[in-house]
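# Overview (structure and organization)
The primary structure of each chain is shown beneath.
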Amino acid sequence: MAGSAIMAFAPSAALAQDSAAPESAEEENTIIVTGIRSSLQSALNEKRNADSLVEVIQAEDIGKLPDQNLAEVLENVTGVQITRTAGVGTGVQIRGTNDNQVLINGVKTVAAGTGRGGISFEDINPAIIASVEVIKAPTADTIEGSVGGTVNLRTIRPLDISDRILSFRAQGEYSELSDSITPRLSGSFGNVWDTGAGEIGIVLSASYSEQEATSFRPRVDRDNLINAGQAVTAAGAPGPDFPFLNIQFLNQERENFEFETINFAGSLEWAPSDNLMFFFDTIYNDQERRQDSSRIQASGVSAVDTVNVPDGFETVNFGSLDGVALGSIEAALFGVIEPNIAQDSNDPNLRFSSDTGARVTKSELYRFGTEFETGRLATRVEFARSTSDSSNPNLSTTLNFINPNAVFDRTSNDNPVPFIYDLRGGALTFGINFDSPFAPTVEQLLDPANTVLDAVTNSNNRTQNKEDAFRIDTTLDLEGALGFITSVDAGYRYNDSSTQFDQLRSTFSTGNIDNSPSGSTFADLIVPGPSNFGAFDGRALAFRNFVLIDPNRSFSDREAVFAQLQAALDATPGGQAEIADGDRLLNDLDPNAAGNLGASFRIEEQTHALYAQANFEAGPVRGNIGFRWVDTSIDSFGNSVAAGVVSPVTSSGGYSEFLPRVNVIADLTDDLVFRASYTEDINRPNFDDLSLSISFPTGPNNAVELGNPNLAPETVQSFDASLSWYFAPSSLISIGFFHKDRTNLFVTQVEDAVEDANGFRDITDPCEGGGIFNPVPDRNVLSPVPGNGLCVPLQTIINDTANTTQTGVEVAFQYDLSQFEDTLGFASGFGILANYTYQDFGGGEATNENSGRGGEIFQAINPNIVLPVTAVQGLLDFSEHAYNATLYYEKYGISARARYTWRDAFRTLDTAGGASLNSTLGFPTVTEARGQLNASITYDVTDYLNIGVEGVNLTKSKIEQRCVNEGGLLCFQGLPDRRITFGATLKL
């Protein structure tokens, strides 16, 4: 059978266990992957026989995990939820936390950025992965570093295959919003040869894939408080006698990502004798993720809010935070925003931004070693190296629209434009008010001469990560020698990790017309922007006519485009003045510039880990008891910048942790299995959170993120108990309970930058009223003094001083009707999978507090409210309830499945259009509960040829995000793609 055999590859010395088992047991453990049922049955067998709490997903055939994306594969697992970027699964939360790690064949991987989670799921094509293991309760030999669980991606072990593997797969993916078809190609080869020098096995898998994903993300900020009697309508009529929230900012964002990924996995195993085996694995990943996104912004709206009363309102209930009732207030629902020259001759203004960049990543993993037996002692020695080298070429630009139908004061580089908005029906829709006498025509909107260059960011940051590891694992077989102790495991692991981040960036932004060249001077670079923003739901109200600096040229010929923009800036009066002073408005990329050196950093970490574990079995009870001891040292290297002078700074530290781990399994009956465990683990802070350096963002509302080298690792105590009933073939009912006590939880703290009664901020350093001085961004409407540099929010990570807890219940159900074939006939092909997770979070002392605008709003609702209003931060991306249900059918060569996944609301910092905590009233936003339907069907044309189609987000489920609380103020939306994949698999 070309499907071959797949066996679990345990990180301890599995060779001794396999050789000690009788031949019949070895045959029974062999997993033949032939379809959905077989993969489900083999996964159940592995879960049932495991020495700890694990979840397993097996490929139903070579290169055929149940989804096209590894994050979406993991969404099948009980207790796992995912987050998406432009509709593509990118983040995984296990039991409510992002703090997990990813292994490949038991080897720790490194991230493309400065995080700890390991390789990104979007970087690996599932076609090269044979099975996925989620370890929820670790044993002593499991590498430390996870809170929710450890994900182990497993490739096929060469000496486990029983027949030659030769398969090819060709697919195309159609993305509806992108209106494109992209290819996916993969192939696998594997064989075992019995030679005079022993058995030699090899497995090679490779894939090439392209993908395009589009998502629309509108944003409306309604955080500008208008007091009773303060405002009038655009026609001059008196406004309402009650306070309300008016429009502060409108943003229409179109995210577009194009992926090109090459993956290769190779494994070689040589067993010269029954007691000796050598192995070598390699994983290679080369991905280019290109971003070609656009933002259309209505800025400066607050300048005319008191002369533009909305035509309609809605009542927004902010709910309560930590027992404090916030109450309700009226908010703008639909209306127009007309220029008022007497009020402000420059606002509201219109801006067109092109965000053109990429993440170009090469990741490599090498693993080699040997397994051997000497009497009762089995030993495995392993060397491994994981590396990731990423660069982020980026050329992002902003054009300001100069409305020829409005007065222009010749000092500012923006101009009044009329807008219309309609937020009824839960849709954030807005655009140009073409009925206004100030309205530009479509031709004027598309004319480069009516634009000026407002901002440029040119960068090519680089992150290099590496981890070298050595480990030795031993197992002493004590079967029959020491009572109920069957074996003892012990081992040692050393790793040397490092991350190096180098910033290479040059920026320009201005509000001054003398520094802003007309688009006519670089008109050959300007092209019409995408006009399909209404394609998701057919909305009539949207920005469809605008121009951008060509994103294709900005990506493919970045240096030439940059040089042309630089020349245009040099020719302006402001550019000539800068050159006369020995500077430029937009400088060349210089790695030695003070700002770049000040943002760059290096972290080095060394870890020694020892473990010991006793495995036991007494009648129906088996399990293990052991510990892991970890000693870690960290050195941090950065730069400080004062008065343009760069000085190196360093910091060193370390910690040791003792981590007991106990797992007990009891076969209460032939079909009923009880599991219980107590384990401890640690969660290390991300490398960038330890950085001594500082990077200044280009936006006036973006917080400056400051590292904290004094962060302590989070420690986690976990308790698990579950009862599983294997009541029929390929069937299961299980219920599990888990509880986690967490100490030193990492939480985000923001110090707001104070705004005065006019909405202006301090523009001098230091920022006595709060925040930190950022010399980079254009002040825009946040200061009456044009120029760059102002106080912005300061964001950092701290350890929560109080313990936190997570408690949850997991329920899983699996049932297969194939046992009733004689009775049900064709209907016996049906089966069902379903799971549900409930979890609760408690404790913690670190809080978020209202921003300045948030405080004004809450006091307008309730003058007696005590400020600041605070709320315990707790866990982000944490849903209390989640479930998924899969109905599948397999018979007569047809293999079909439909999966509906739903997760409850969760709080997050992932927002649209660069929104910060300052613009969400000081609190994380809440992504509302959402469900999604995916489905697939394949057909075996012959024994060798299979054809099929798969759909993702078939019902085009949208994302809603609200400020402060669930059901509160609608702030952001996500309108993701529907994707259809079709193709064929050939097995020879």
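Reference entry: report on the structure contained in this document. Every value quoted in this text rests on a predicted model; they were computed, and no experiment measured them. (Residues numbered from 1 in each chain as written. Predicted model: local features only at pLDDT ≥ 70, side-chain atom pairs only at ≥ 80, totals over all residues. Heavy atoms only, no water.)

## A few points about the overall build of the chain
Scanning the chain for helices and strands turns up eleven helices and 54 strands. Relative to the 2.2 N^0.38 estimate, which gives 30 Å for 988 residues, the radius of gyration of the chain is 30 Å and therefore close to what a compact globule would have. Expressed along its principal axes, the backbone C-alpha trace of the chain runs to roughly 95 × 65 × 60 Å. Within the chain, the fraction of its 988 residues that count as buried is 59%. (Helix = DSSP H or I, 4+ residues; strand = E, 2+ residues; numbered from the N terminus. Rg over C-alpha atoms; globule rule 2.2 N^0.38 Å. Buried < 20%, exposed > 50% of the residue type's maximum accessible area, 1.4 Å probe, protein only.)

## Re the state of the cysteines
With the rule as written, the count across this model stands at two disulfides. Residue Cys767 pairs covalently with Cys791 via a disulfide, S to S 2.0 Å. One quick way to see it: the torsion about the S-S bond of Cys767 and Cys791 is about -95 degrees, and its sign makes the bridge left-handed. Of this pair, Cys767 sits in the loop between strand 38 (746-751) and strand 39 (772-778) while Cys791 sits in strand 40 (residues 788-792); the two residues are 24 residues apart in sequence, bridging distant segments of the chain. For Cys963, the disulfide goes to Cys971, at an S-S distance of 2.0 Å. Summarising the burial analysis for this pair, Cys963 and Cys971 share the class buried. Each bonded cysteine of the chain gets a number by its place in the sequence, and the pairs then read 1-2, 3-4. (Disulfide = S-S within 2.5 Å.)

## Considerations on the side chain of Thr457
Its location among the elements puts Thr457 in strand 25 (residues 451-477). Excluding residues that lie within four positions of it along the chain, Thr457 makes contacts with Asn394, Leu395, Ser396, Arg505, Ser506, Thr507 and Thr698. (Contact = heavy atoms within 4.5 Å.)

## Details of the side chain of Thr114
Inspection of the secondary structure puts Thr114 in the loop between strand 7 (107-108) and strand 8 (131-135). Within the structure, Thr114 has its side chain in polar contact with the side chain of Asp688 (distance 3.2 Å). Not counting chain neighbours up to four residues away, the residues in contact with Thr114 comprise Thr463, Thr499, Phe501, Phe601, Asn686, Phe687 and Asp688. (Polar contact = N/O pair within 3.5 Å; in protein donor to acceptor, adjacent residues only side chain to side chain.)

## Some details on the nonpolar core
One finds Leu350, Phe419 and Phe522 to be the most contacted residues of the largest nonpolar core, which totals 43 residues. Examining the composition of this core, we find that five residues originate from one element, helix 7 (residues 558-570), more than from any other. With residues near it in sequence (within four places) discarded, Leu350 still touches Ile296, Gln297, Leu399, Asn400, Phe401, Asn415, Val417, Phe419, Ile432, Leu445 and Phe543. Among the nonpolar cores identified, the runner-up in size contains 28 residues, and Ile119, Phe121, Ile283 and Leu365 belong to it. (Core = buried A, V, L, I, M, F, W, Y, C linked by side-chain atoms within 4.5 Å.)

## Quick look at the sheet that holds strand 8
Hydrogen bonds between backbone groups are what pair the strands of a sheet, and the pairing can be parallel or antiparallel. Spatial strand order, 3-8-9-6-7: five strands in an open sheet with mixed pairing. Two strands bound the open sheet, and with one partner strand each, they are strand 3 (54-58) and strand 7. Taken together, the two bridges between strand 6 (residues 101-104) and strand 7 define a ladder with antiparallel strand orientation. Note on strand 7: the bridge partner recorded for Leu103 is Lys108. Most of the contacts of helix 3 (residues 36-49) go to strand 3, to which it runs at about 155 degrees, and overall it touches strand 3 and strand 9 (150-154). (Pairing = 2+ DSSP bridges. Axes fitted to C-alpha atoms, helices over the stretch in contact; angles between N-to-C directions.)

## Overview of the sheet that holds strand 35 (residues 704-706)
One open sheet holds the four strands; their spatial order is 34-35-41-38, and the pairing between them is mixed. The outermost strands of the open sheet, each flanked by one partner alone, are strand 34 (694-695) and strand 38.

## Topic: helix 3
The terminal C-alpha atoms of helix 3, which comprises 14 residues, lie 20 Å apart, in line with the 20 Å expected from a rise of 1.5 Å per residue. Taking burial as the measure, the 14 residues of helix 3 include ten buried ones, the bulk of the element. Within the span of helix 3, buried status applies to Ile36, Arg37, Ser38, Ser39, Leu40, Ser42, Ala43, Leu44, Glu46 and Lys47. (Expected span 1.5 Å × (residues − 1).)

## Some words on the pairing of strand 54 (residues 979-987)
In the sheet, strand 10 (residues 165-175) pairs with strand 54 via nine bridges, with the strands oriented antiparallel. Note on strand 54: the bridge partner recorded for Ala170 is Ala984. As judged from the eight bridges shared by strand 51 (residues 945-952) and strand 54, these two strands associate in the antiparallel manner. Bridging across to strand 54, Leu945 finds its partner in Leu986.

## Section: a nonpolar patch on the surface
On the surface, Leu668, Phe674, Leu723, Ile735, Val811, Tyr836, Tyr883 and Tyr900 cluster together into a nonpolar patch covering about 640 Å² of accessible area. Mapped onto the elements, Tyr883 comes out in strand 46 (residues 881-891). Of the residues examined, Tyr883 reaches a relative accessible area of 34% and is grouped as partly exposed. (Patch = residues over 30% accessible without salt bridge, like charges linked within 9 Å, V, L, I, M, F, W, Y side chains within 5 Å. Areas by Shrake-Rupley, 256 points an atom, 1.4 Å probe, with all protein chains shown as cover. Salt bridge = Lys/Arg side-chain N within 4 Å of Asp/Glu carboxyl O.)

## Some points on unusual backbone geometry
A cis amide bond links Asp347 with the next residue in sequence, Pro348, at an omega value of -5 degrees. Residue position: Pro348 is located in the loop between strand 20 (328-337) and strand 21 (349-374). Look at the link from Asp765 to Pro766: it is a cis peptide, with omega at 5 degrees. With respect to the element layout, Pro766 can be found in the loop between strand 38 and strand 39.

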